[in-house]
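# Summary of the model geometry
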Amino acid sequence: MPLDYPIVERALPNGLRVVVSEDHAVPTVTVNIWVGVGSRHEAEGRTGFAHLFEHLMFQGSAHVASGEHFSALMAQGARLNATTWFDRTNYFETVPKGAFELALWMEADRHGRLLEAVTQENLDNQRDVVKEEKRQRYDNVPYGTALSDLYATVFPKGHPYHHPTIGAMEDLDAASLEDVHAFYRRHYRPDNTVLTVVGDVAAEEAFAAAERYFGGLPAAEVTSRGPVDALAPLTEPMRTERVVHVPHDRLYLGFRLPVDSTSEFWAASLALDCLGSMAISRLYRRLVRGDELATHVAAHGMGLVDGVSLGLVVVDVADGVSPDTAEQAVCAELERFAASGPTDVELEAARSQTERSWLSALAAQDERADLISRFGLLHGDPGFINTFLDHLADVSAAQVREAAARYLLPHARAVVAYLRAGTDEEDRVIEEAAQDDAVGGPEDGDAGGPQPSGGPEGVGGIATQDRAEGQNDNEGAAS
C-alpha cells in the first residue's frame, strides 16, 4: 500500500520554503529547520564554523537571552536540539500545540537576528566549548579520530568532505569576530532554509504563522556554489595506520560512492547491506561466524550530495588474528560479491530491513519532520518520503552487482587501521572506558565515539542517518 503522508509546500517572498504535514494523532507539533550549511561549505583555513554556529544559536539572539531557547521551550514541555553534518545544520523541537507559535518566534529570532548576541565574549566562550567537545568526543575516546582519518584518506585535500565537521581548532582560534559574522550572513538566509511543520496544526494555520514570524526576514543577495565535480572511485588502495591505545585492532574501509538519492547510490548501499549490515551478511557469516577472524562487522552507505557519497565497512579484529588476514578476507568477499551479486534471499532481507527502518522513522513525528526537511533542502522533493520505498523496490539484483563491481572492489578501498598498542593493564583501562562510553550512548542529536554497530546508517537506516551517521561528526548542541 503506497504511503500518503500529507505534504503541502509554499515559498515565502523572501525565499524560505515552508512544508507542512498535518498529523492530528497527538496534540504536539514538531518544528524542524534545515539550513544549507555544513562543513562542506567551509573554506580551507576556516573549518569548524558550521558546527560553531550550531552552538552560538543557543547563546541568545536579538530578543532572546543566552540559554533561554532551551529554558523557555523546555518549560513548556518541549524536546529540542540541533546537529551539524557535512551537508547541513538542523534545528528541531517538538512542543505541545499551545507552544507552537513560541517555537516559531524563537526560531525566527535566531535565524534572522542572531548577530546582536554574537559578541567577542560569546565567541570566545563557545570556542572553548567546542575545544572541550573535541577533547571528550574525539581525542580522548578509543577510535575517536578514526572517521576523521578516513575522510582525509578517502577524499583528497581541498575536497569538501576531506575534513570533519568538528573542524580544526587552530582555524577556530584564528577566526575573528568579523569572520564569524560574515559566515552567518552568507549562509543563514531564508532562501537557504527549509522550515517543516509536522503535527496537530492545520496547514493554513501553519503557513500563516510562518509568514507572521519569518516573513519579515530579509531576502539575501548571496548565491551558493553548486556541487563540485563527481569524484571517481579510487584506482588503487590508500592507507593510514595508527598504533594507539585501543581495546582491539579495528579496520575502517572507505569507498567513494555515487551521490545520494540516485539509483546507483541505492544499489551500492544495498550491496553494503548484503555484505555487512545483517546477521546473514556475507562478511558477518565468514569473518565472525565462520573463520572467527572478527568479533563484529558492519557496513553501510553515507548519502552525501557534493559529487560523491561514502561507503563504510568496519571490522573489529579478533584477538590473536592478524589485521592483514582479516582485511584480505574482506577483500575476497568483495570480489566474490562483485562477481556473483546478491542472492534473492540477501536482497529481500536488505530491502525488508530498509522498509522496517523507513516505516519506523516515519511513524515518529519528529523523525518524519526531519526526513521531510532533508529531502526538501537537499533534493528539492519533500514528498519523497512517500515514494522512497517504491524507488528502492525498482533496484534490481543486476544493478546491485554492477554497483559493487564499480564501487566496492578491493582496489577502490581506503583503509584506516587502528592497531592496538600498550600493556595488558593499559588495554584493560581502555576497554573499560570504551564500555562506559557505549553504555552511556549519545544523546538525541549529540555526538558519540564511533561505534562499529550496523545501526541505522545504511540504506536501511536512511530514515535516521542524518542524526547518526558518522557518529562523532554529527555534533549536538545540548552536550
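Here the structure is a predicted model, which is why all the values come from computation and not from measurement. (Residues numbered from 1 in each chain as written. Predicted model: local features only at pLDDT ≥ 70, side-chain atom pairs only at ≥ 80, totals over all residues. Heavy atoms only, no water.)

## Description of the overall build of the protein chain
Heads up, the condition is: Numbered from the N terminus, helices here are DSSP runs of H or I no shorter than four residues, and strands are runs of E no shorter than two. Three labels apply to residues, based on accessible area from a 1.4 Å probe with only protein chains included: buried if under 20% of the type maximum, exposed if over 50%, partly exposed otherwise in between. Residues are treated as being in contact if the distance between any of their heavy atoms lies within 4.5 Å.
Summing up its helical and strand segments, the protein chain has 17 helices and 12 strands in all. Evaluated residue by residue, the protein chain yields a buried proportion of 59% over its 479 residues. Intrachain contacts of the protein chain at a sequence separation of at least 6 include 82% that bridge at least 24 residues.

## Section: the pattern of salt bridges
Threshold: Salt bridges are counted wherever a side-chain nitrogen of Lys or Arg sits within 4 Å of a carboxyl oxygen of Asp or Glu.
Scanning the model with the defined rule gives 30 salt bridges in all. With its nearest N and O atoms 3.0 Å apart, the salt bridge here joins Asp149 to Arg242. Separated by 93 residues along the polypeptide, Asp149 in helix 5 (residues 146-154) and Arg242 in strand 7 (residues 238-244) bring together distant segments of the chain. Under the relative-accessibility criterion, Asp149 is labelled buried at 12%. Salt bridges linked by common partners bring Arg239, Glu241, Glu327 and Arg413 together as one network.

## Thoughts on the environment of His163
To keep it simple, the criterion reads: We define a polar contact as two N or O atoms separated by no more than 3.5 Å, with the added condition that, inside protein, one atom must be a possible hydrogen donor and the other a possible acceptor, whereas residues neighbouring each other in sequence contribute only through side-chain atom pairs.
Mapped onto the fold, His163 is located in the loop between helix 5 and helix 6 (169-174). For His163, a relative accessible area of 14% corresponds to the buried category. Distance in space between the C-alpha atoms of His163 and Ser39 is 7.7 Å, their sequence separation being 124 residues. Those residues within four positions of His163 in sequence are excluded, and the remaining contacts are Ser39, Glu42, Thr47 and Phe86. Separated by 3.1 Å, the side chain of His163 and the backbone oxygen of Ser39 make a polar contact.

## Details of the sheet that holds strand 7
Selection rule: In this scheme, strands are said to pair when DSSP sees at least two bridges between them. In this analysis an axis means a line fitted to C-alpha atoms, helices contributing only their contacting stretch, and an angle means the value between N-to-C directions, from 0 to 180 degrees.
Read from one edge of the open sheet, 5 strands run 7-11-8-10-9, paired in mixed fashion. Two strands close off the open sheet at either side, each with one partner strand: strand 7 and strand 9 (294-302). Each strand of the sheet is rotated relative to its neighbour by a mean of 10°, with strand direction disregarded. Its contacts with the sheet place helix 9 (residues 263-276) against strand 8 (250-257), strand 9 and strand 10 (309-317), and it is angled at close to 170° to strand 9. Helix-sheet contacts for helix 10 (residues 282-290) involve strand 9 and strand 10, and the interaxial angle to strand 9 is about 160°.

## What about the packing of helix 10 against helix 11 (residues 323-340)?
Rule in force here: These descriptions rest on fixed angle ranges, namely under 35 degrees for roughly parallel, over 145 for roughly antiparallel, 65 to 115 for roughly perpendicular, and the rest for oblique. Each helix crossing is assigned a hand: it is left-handed if the near helix lies turned anticlockwise from the far helix by less than a right angle, otherwise right-handed if that turn is clockwise. Following the grouping adopted for this structure description, the nonpolar residues are Ala, Val, Leu, Ile, Met, Phe, Trp, Tyr, Cys and Pro, the charged ones are Asp, Glu, Lys and Arg, and the polar ones are all others, Gly among them.
At their nearest, the axes of helix 10 and helix 11 sit 10 Å apart, and the two run at 150° to each other. Looking at the two axes, helix 10 sits roughly antiparallel to helix 11. As for the relative orientation of helix 10 and helix 11, their crossing is right-handed in sense. Across the interface between the two elements, Arg282, Leu283, Arg286 and Leu287 of helix 10 pack against Ala326, Ala329, Val330, Ala332, Glu333, Arg336, Phe337 and Ser340 of helix 11. A per-class count over the contact of helix 10 with helix 11 returns 7 nonpolar, 1 polar and 4 charged.

## Remarks on the nonpolar core
The condition is simple: Throughout this description, the term nonpolar core refers to a set of buried Ala, Val, Leu, Ile, Met, Phe, Trp, Tyr and Cys residues connected via side-chain atoms within 4.5 Å.
The biggest cluster of nonpolar side chains holds 63 residues, and the ones touching the most others in it are Leu287, Val315 and Leu408. In terms of residue count, helix 9 provides more of this core than any other element does, 9 residues in total. In this structure, Val18, Val35, Ala210 and Tyr213 belong to the second largest nonpolar core, which totals 55 residues.

## Focus on the pairing of strand 6 (residues 193-199)
Judged by how many residues are buried, strand 6 sits mostly within the fold: 7 of 7 residues are covered. In the sheet, strand 2 (residues 17-22) pairs with strand 6 via 6 bridges, with the strands oriented parallel. Note that in strand 6 the partner of Ser21 across the bridge is Val198.

## Topic: the confidence of the model for the protein chain
Convention followed: Known as pLDDT, the predictor's per-residue confidence is scaled from 0 to 100.
Across the protein chain, the average pLDDT comes to 90, with 88% of residues at 70 or higher. Low pLDDT (under 50) marks residues 434-473, which in the prediction has 134 contacts with non-local residues, meaning those over four places away or in another chain.

## Quick look at the pairing of strand 8
Within strand 8, 8 of the 8 residues are buried, leaving the element largely enclosed by the surrounding structure. Alternating positions in strand 8 separate into two faces, Arg250, Tyr252, Gly254 and Arg256 on one and Leu251, Leu253, Phe255 and Leu257 on the other, with burial throughout. Here strand 8 runs beside strand 10; their pairing, made up of 8 bridges, is antiparallel. Across the sheet, the residue bridging to Leu253 is Val313, located in strand 10. Where strand 8 meets strand 11 (residues 414-420), 5 bridges bridge the pair, whose relative direction is antiparallel. Across the sheet, Arg250 pairs through a bridge with Tyr418, a residue of strand 11.

## Topic: helix 12 (residues 344-363)
The criterion, for reference: What a helix should span is 1.5 Å times the count of its residues minus one. Within this analysis, the arc is defined by the directions that extend from the helix axis to the C-beta atoms.
With 20 residues, helix 12 should cover 28 Å at 1.5 Å per step; its first-to-last C-alpha distance of 28 Å lies within 8% of that length. Listing the buried residues of helix 12 in full gives Glu346, Leu347, Ala350, Gln353, Thr354, Ser357, Trp358, Ala361 and Leu362. Viewed end-on, helix 12 has its buried residues packed into an arc of 160°, placing them on one side of the element. Seen from the open side of helix 12, the exposed residues pointing more than 90 degrees away from its buried face are Asp344, Val345, Arg356 and Ala363.

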